[in-house]
Amino acid sequence: MQKPKRSKSLIRVILLTFVFTYLSLNALTLPIDPVLPVPPETAQPISPSDHRRIVQEYINQIRTMHDRAFQLIQLTLDSPIKDADALRRSINLINMEIDSVRRQLRDYLSLIQTTRTQNRDVLLLFNALNHTSNQLLYLEQLSYATSNVEKALLLGDFFRSRQASIDTLSAAETFITDPRIFN
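Positions within a chain are numbered from 1, following the residues in the order the chain's sequence is written. Where totals are concerned, whole chains, interfaces and linings use all residues; where local detail is concerned, this predicted model gives features only for residues with pLDDT of at least 70, and gives and counts side-chain atom pairs only at 80 or more. Hydrogen atoms and water are omitted, and side-chain values are computed over all heavy atoms in the structure.

## Comments concerning the environment of His66
Then, number 1: Here a helix means four or more residues in a row that DSSP labels H or I, a strand means two or more in a row labelled E, and each is numbered from the N terminus. Along the chain, the position of His66 falls in helix H2 (residues 48-76).
Then, number 2: The buried label goes to any residue with under 20% of its type's maximum accessible area, the exposed label to any with over 50%, and the partly exposed label to all in between, with areas taken from a 1.4 Å probe on protein chains only. Owing to a relative accessible area of 3%, His66 belongs among the buried residues under this scheme.
Then, number 3: Along the primary structure His66 and Ile94 are separated by 28 residues, whereas in three dimensions their C-alpha atoms are 8.9 Å apart.
Then, number 4: Between two residues, a contact is recorded if the distance between any of their heavy atoms is within 4.5 Å. Among residues more than four places away in sequence, those in contact with His66 are Thr132, Gln135, Arg162, Ser165 and Ile166.

Here it is as structure tokens:
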């Protein structure tokens, strides 16, 4: 009786070892796309004035997308929504712009030899993009909402994300323009 129990245990150990070995090897071969790539050692430093200009351009782009999302909220207030397909297409266009700006920011971050303040500014821009993206998520969910309670809750979430985006963009703008903060 002892022999079958030992062989079952041995088979389990061998199978577990095989599975973990296989998973470990596959995990090593999976491509990892870092959200924030490590800047190359040979990157040229970006001057504080150039950095301010670049960050301000990103802030303006994000504000434009943010404002367009707010304009779309008008379309969701009708019951039923007059042109839900056009609303969803507009949301998708803004989401594609957000993805494009996110890739540009990642590229910018990988090109600069970051200082802590430059890193902070870029991370704030990523946060503002995330908040703007959340606005669009709530806006899209609002287009599917059927009850007034659900609409009210989603509107609250939309405006919380909107305010977070405004606060984040204002903080980034303050940081890049405040002479007391060294870049």
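More follows now that the structure is in view.
## Section: the environment of Ala152
Then, number 1: Residue position: Ala152 is located in helix H5 (residues 148-177).
Then, number 2: For Ala152, a relative accessible area of 47% puts it in the partly exposed group.
Then, number 3: Spatially, the C-alpha atoms of Ala152 and Leu142 are 9.0 Å apart, while their sequence positions differ by ten residues.

## Observations regarding the packing of H2 against helix H4 (residues 116-144)
Then, number 1: Between the N-to-C directions of two axes lies an angle of 0 to 180 degrees, each axis being a line fitted to C-alpha atoms and, for a helix, fitted only over the stretch in contact. Running from N to C, H2 and H4 cross one another at 10°; their axes reach a closest spacing of 10 Å. Considering the angle they form, H2 stands roughly parallel to H4. Between H2 and H4, the contacting residues are His51, Val55, Tyr58, Ile59, Ile62, Met65, His66, Ala69, Leu72, Ile73 and Thr76 on the first element and Gln118, Asp121, Val122, Leu125, Ala128, Leu129, Thr132, Gln135, Leu136, Leu139 and Leu142 on the second.
Then, number 2: Of the residues that constitute the contact of H2 with H4, the class distribution is 15 nonpolar, six polar and one charged. Comment on the angle field: the value is read as roughly parallel under 35 degrees, roughly antiparallel over 145, roughly perpendicular from 65 to 115, and oblique elsewhere. The residue classification treats Ala, Val, Leu, Ile, Met, Phe, Trp, Tyr, Cys and Pro as nonpolar and Asp, Glu, Lys and Arg as charged. All others, Gly included, are polar.

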